Amino acid sequence: MNLVTLLLVLSFPPTGESIPRTVDIAIIGAGPQALTLVTHVLQKKRSWGDRLGVFDRAGTWMAQWKQQFAALEIPHLRSPAVHHPDPNPYALRAFAANRPSELFPPYDLPGTELFQEFCQDVIERWGLGDGVIQANITDLEPIEIEGHDRFRLHIQGHPPSLARRVILASGGGPPRLPDWVAEIPSSYPPERLQHSSQIDLRIRHLGGEEILIVGSGLTSGHLALGAVRRGARVTLMARRQFYEKLFDADPGWLGPKYLKGFQAEPDWGRRWQMIQEARNGGSVTPKVLFKLRRLEREGKVQFLENCQITRATWNQGLWDVDCNQPQGSLPRFHRLWLATGTDFDIRKHPLLHQVQWRYPVETVGGLPQLDDHLRWGTSQLFLMGPGTALQVGPVARNIYGGKLASQRIVPALTKSSLGRVA
Ligand SMILES: Cc1cc2nc3c(=O)[nH]c(=O)nc-3n(C[C@H](O)[C@H](O)[C@H](O)COP(=O)(O)OP(=O)(O)OC[C@H]3O[C@@H](n4cnc5c(N)ncnc54)[C@H](O)[C@@H]3O)c2cc1C
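Residues numbered from 1 in each chain as written. Predicted model: local features only at pLDDT ≥ 70, side-chain atom pairs only at ≥ 80, totals over all residues. Heavy atoms only, no water.

- Going by the annotation in an unreviewed UniProt entry, the name recorded for the protein chain is Lysine N(6)-hydroxylase/L-ornithine N(5)-oxygenase family protein, with Phormidium yuhuli AB48 given as the source organism.

Take a look at the structure:
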């Protein structure tokens, strides 16, 4: 090594093998939403591949998605075949031309394997095969360099990267845990009380066990079916009644039918209310509820509706559970599974503490008031996913929400007239 090279190395210590020192557009997360954004950027600017840096702690596309579908043994998506990360809405149908049995009724819901292979095809067609930088981002620090606003991405175990613009596509919030969990009086083996995001049905042997599953959404349904397949008896408990719904939110929320009125609503609080009403808590698809009711008749599943746990006690290897409604014959349980969803509150987002301090934005019910391009205040940070719901509507967290978000973000990235806030 000559002296000049040595001086360069000393003044610029090497970053992690594939972690760039600077990047124009940093995308945090490599799930379906980030993939959607990247294909939409490249559709507009084919040569921009080098400008994009996609960071994910897993180091590959769709890792979290694949893990959650495999762990819950989900046979097919809940959303129809036109919801996917490619800009061409018919691309998945064309991909599935010779695989009609993997599009499930009604509305051609793609099978899990089909969807994953299609996404791999999207990744390859758009030249994104080795495009994910393995990096756990620990903080996002707004800084100013020679009069220009930049973001420093702090990376676990590596020197930071510097980005001109950042898209946060890191998915949902932390698990939502009912209050009684913090009040359990004694210690218990952690695998006997788990949130759905920690459960992997593939490694469970449940023969002869009694399992209580809390929550009335589709995840409860998948867990119950998986547990019964493994020989368990399941009690499904919800603070409301279980009800069936084909999709998370009415398809009117995908287009102008409902979005027009929603986006014309000037009161952010009212918009928040509309989102809650549209999602209306968790629901189960008609097909899954049908299967659960059949298992109920066979004595393998019981439903406890309008019921909430008030106390759980770990007692000699089993759970004793008290509820707010008198229950005649509640068994003692081997496991408690919480399919209680996630808590999304942007004010608590681990990467945004410094951003919120430097660029304060108003929030409603934990959701930020972003501009039309999903930009955070006057910064060059853009959000995707649940945090965009006040603009994108109730499907913000779903695959289609990624498309709606991309349609707003991409013009701000690619048109210089929209790149700066007024
Ligand atoms: C079981 C289940 C089934 C679903 N089924 C459907 C469906 O059929 N149709 C539908 O439209 N929606 C569905 N959804 C909702 C939604 O589409 C998915 O949750 C989807 O994965 C969201 O995509 P995403 O890219 O926003 O987030 P994710 O898929 O969660 O991806 C986010 C990525 O960000 C990475 N990340 C997070 N924080 C950091 C960090 N600090 N540093 C580096 N990387 C980070 C994670 O590793 C992850 O890979 C489902 C959700 C669940 C839980």
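Now that the structure has been shown, the text picks up again.
As for helix H9 (residues 268–279)
In an α-helix, one turn spans 3.6 residues; hence positions three or four apart end up facing the same way.
Turning to step 1, where the next piece is worked out: The terminal C-alpha atoms of H9, which comprises 12 residues, lie 17 Å apart, in line with the 16 Å expected from a rise of 1.5 Å per residue.
Turning to step 2, where the next piece is worked out: Contacts from the buried residues of H9 go to helix H8 (256–264), strand S17 (367–368) and helix H12 (389–392).
Turning to step 3, where the next piece is worked out: Measuring from the side-chain oxygen of the N-cap residue of H9 to the backbone nitrogen of Gly 269 gives 2.8 Å; that N-cap residue is Asp 267.
Turning to step 4, where the next piece is worked out: Of the residues flanking the end of H9, it is Asn 280, one or two places downstream, whose phi is positive at about 45°. (Helix = DSSP H or I, 4+ residues; strand = E, 2+ residues; numbered from the N terminus. Expected span 1.5 Å × (residues − 1). Contact = heavy atoms within 4.5 Å. Polar contact = N/O pair within 3.5 Å; in protein donor to acceptor, adjacent residues only side chain to side chain.)

Remarks on the domain arrangement of the protein chain
Turning to step 1, where the next piece is worked out: Parsing the protein chain into structural domains produces domain 1 (18–173 + 344–419) and domain 2 (179–245 + 283–338).
Turning to step 2, where the next piece is worked out: Between the C-alpha centres of domain 1 and domain 2 there is a distance of 33 Å.
Turning to step 3, where the next piece is worked out: Carbon and sulfur atoms make up 46% of the area that domain 1 and domain 2 hide from each other, which totals about 1000 Å².
Turning to step 4, where the next piece is worked out: If you sort the residues of domain 1 by the area they bury against domain 2, Leu 72, Glu 73 and Arg 78 come out on top, with a joint share of 60%. (Domains from an automatic or database assignment. Buried area = accessible area lost by both parts, 1.4 Å probe.)

Focus on a positive patch on the surface
Turning to step 1, where the next piece is worked out: Together, Lys 287, Lys 291, Arg 294 and Arg 297 give the surface a local cluster of positive charge.
Turning to step 2, where the next piece is worked out: As for its position among the elements, Arg 294 is in helix H10 (residues 286–297). (Patch = residues over 30% accessible without salt bridge, like charges linked within 9 Å, V, L, I, M, F, W, Y side chains within 5 Å. Areas by Shrake-Rupley, 256 points an atom, 1.4 Å probe, with all protein chains shown as cover. Salt bridge = Lys/Arg side-chain N within 4 Å of Asp/Glu carboxyl O. Lys, Arg positive; Asp, Glu negative; His and termini not counted. Charge placed at Lys NZ, Arg CZ, Asp CG, Glu CD.)

A look at the confidence of the model for the protein chain
Turning to step 1, where the next piece is worked out: Scored by pLDDT, the protein chain comes out at a mean of 93, with 95% of its residues at no less than 70.
Turning to step 2, where the next piece is worked out: In the predicted structure, residues 1–17 sits below a pLDDT of 50 and forms nine contacts with residues beyond four places in sequence or in another chain. (pLDDT = per-residue confidence, 0-100.)

Looking at the pattern of salt bridges
Turning to step 1, where the next piece is worked out: If you walk through the whole model with that rule in mind, you get 25 salt bridges.
Turning to step 2, where the next piece is worked out: In this structure, Arg 229 engages Glu 73 in a salt bridge whose closest nitrogen and oxygen atoms are separated by 2.8 Å. With Arg 229 in helix H7 (residues 218–229) and Glu 73 in the loop between helix H3 (63–71) and helix H4 (91–95), the pair connects residues that are 156 residues apart, well separated along the chain.
Turning to step 3, where the next piece is worked out: Through salt bridges with shared partners, a single ionic network connects Asp 24, Arg 51, Arg 164 and Arg 165.

Notes on the environment of Asp 108
Turning to step 1, where the next piece is worked out: Within the element layout of this structure, Asp 108 appears in the loop between strand S3 (103–104) and strand S4 (109–110).
Turning to step 2, where the next piece is worked out: The residues touching Asp 108, leaving out its near neighbours within four places in the chain, are Pro 80, Ala 81, Arg 93 and Leu 103.

Concerning the sheet that holds strand S9 (residues 193–195)
Turning to step 1, where the next piece is worked out: Spatially, five strands are ordered S9-S15-S10-S11-S12 in an open sheet, and the strand pairing comes out parallel. Only two strands of the sheet have a single neighbouring strand rather than two, namely S9 and strand S12 (301–304). The sheet shows a mean angle of 20° between the axes of neighbouring strands, taken without regard to direction.
Turning to step 2, where the next piece is worked out: Relative to S12, strand S11 (residues 233–237) is paired through four bridges, and the arrangement is parallel. Counterpart to Thr 235 in the pairing with S12 is Gln 302.
Turning to step 3, where the next piece is worked out: Across the sheet, H10 touches S11 and S12, and the angle it forms with S12 is around 110°. (Pairing = 2+ DSSP bridges. Axes fitted to C-alpha atoms, helices over the stretch in contact; angles between N-to-C directions.)

Description of the packing of helix H2 (residues 32–44) against helix H13 (residues 399–414)
Turning to step 1, where the next piece is worked out: Across the interface, H2 lies against H13 with an axial gap of 9 Å and an inter-helix angle of 40°. Between H2 and H13, the interaxial angle falls into the category oblique. Relative to H13, H2 is oriented so that their crossing is right-handed. Touching Gln 33, Thr 36, Leu 37, His 40, Val 41 and Lys 44 of H2 are Gly 401, Gly 402, Lys 403, Ser 406, Ile 409, Val 410, Leu 413 and Thr 414, all from H13.
Turning to step 2, where the next piece is worked out: Across the contact of H2 with H13, the residue classes tally to five nonpolar, seven polar and two charged. (Parallel < 35°, antiparallel > 145°, perpendicular 65-115°, else oblique. Left-handed = near helix turned anticlockwise from the far one by under 90°. Nonpolar A, V, L, I, M, F, W, Y, C, P; charged D, E, K, R; others polar.)

Observations concerning unusual backbone geometry
Turning to step 1, where the next piece is worked out: Following Pro 105, the chain continues to Pro 106 via a peptide bond in cis, the omega torsion being -15°.
Turning to step 2, where the next piece is worked out: Its location among the elements puts Pro 106 in the loop between S3 and S4.
Turning to step 3, where the next piece is worked out: Unlike most non-glycine residues, Gln 316 shows phi in positive territory, near 50°.
Turning to step 4, where the next piece is worked out: Within the element layout of this structure, Gln 316 appears in the loop between strand S13 (309–315) and strand S14 (318–323).

Thoughts on the environment of Ile 145
Turning to step 1, where the next piece is worked out: Its place among the elements puts Ile 145 in strand S6 (residues 137–145).
Turning to step 2, where the next piece is worked out: Judged by relative accessible area, which is 31%, Ile 145 ranks as partly exposed.
Turning to step 3, where the next piece is worked out: Taking the C-alpha atoms as reference, Ile 145 lies 51 Å from Val 284; in sequence the two are 139 residues apart.
Turning to step 4, where the next piece is worked out: Sequence-distant contacts of Ile 145, that is, excluding residues within four places in its chain, are made with Arg 150 and Leu 162. (Buried < 20%, exposed > 50% of the residue type's maximum accessible area, 1.4 Å probe, protein only.)

Details of the site of the ligand
Turning to step 1, where the next piece is worked out: Inspection of the region around the ligand gives 26 residues, with Asp 56, Arg 78, Ser 79, Ile 137 and Ile 399 positioned closest.
Turning to step 2, where the next piece is worked out: At 3.0 Å from an oxygen atom of the ligand is found a main-chain nitrogen or oxygen belonging to Gln 33.
Turning to step 3, where the next piece is worked out: In this structure, a nitrogen atom belonging to the ligand sits 3.1 Å away from a main-chain N or O atom of Arg 57.
Turning to step 4, where the next piece is worked out: Here the ligand loses 86% of its free accessible area of 970 Å² to cover by the protein chains.
Turning to step 5, where the next piece is worked out: Elements supplying a minimum of two residues to the shell around the ligand: H2 and H3. (Near = heavy atom within 4 Å.)

Structural notes on the side chain of Glu 209
Turning to step 1, where the next piece is worked out: Take Glu 209: it is sitting in the loop between S9 and strand S10 (210–214).
Turning to step 2, where the next piece is worked out: The exposure class of Glu 209 is buried, given its relative accessible area of 10%.
Turning to step 3, where the next piece is worked out: A distance of 2.6 Å separates the side chain of Glu 209 from the side chain of Arg 335, its partner in a polar contact.
Turning to step 4, where the next piece is worked out: Beyond its immediate chain neighbours, meaning those up to four positions away, Glu 209 contacts Gly 231, Ala 232, Arg 233, His 334 and Arg 335.

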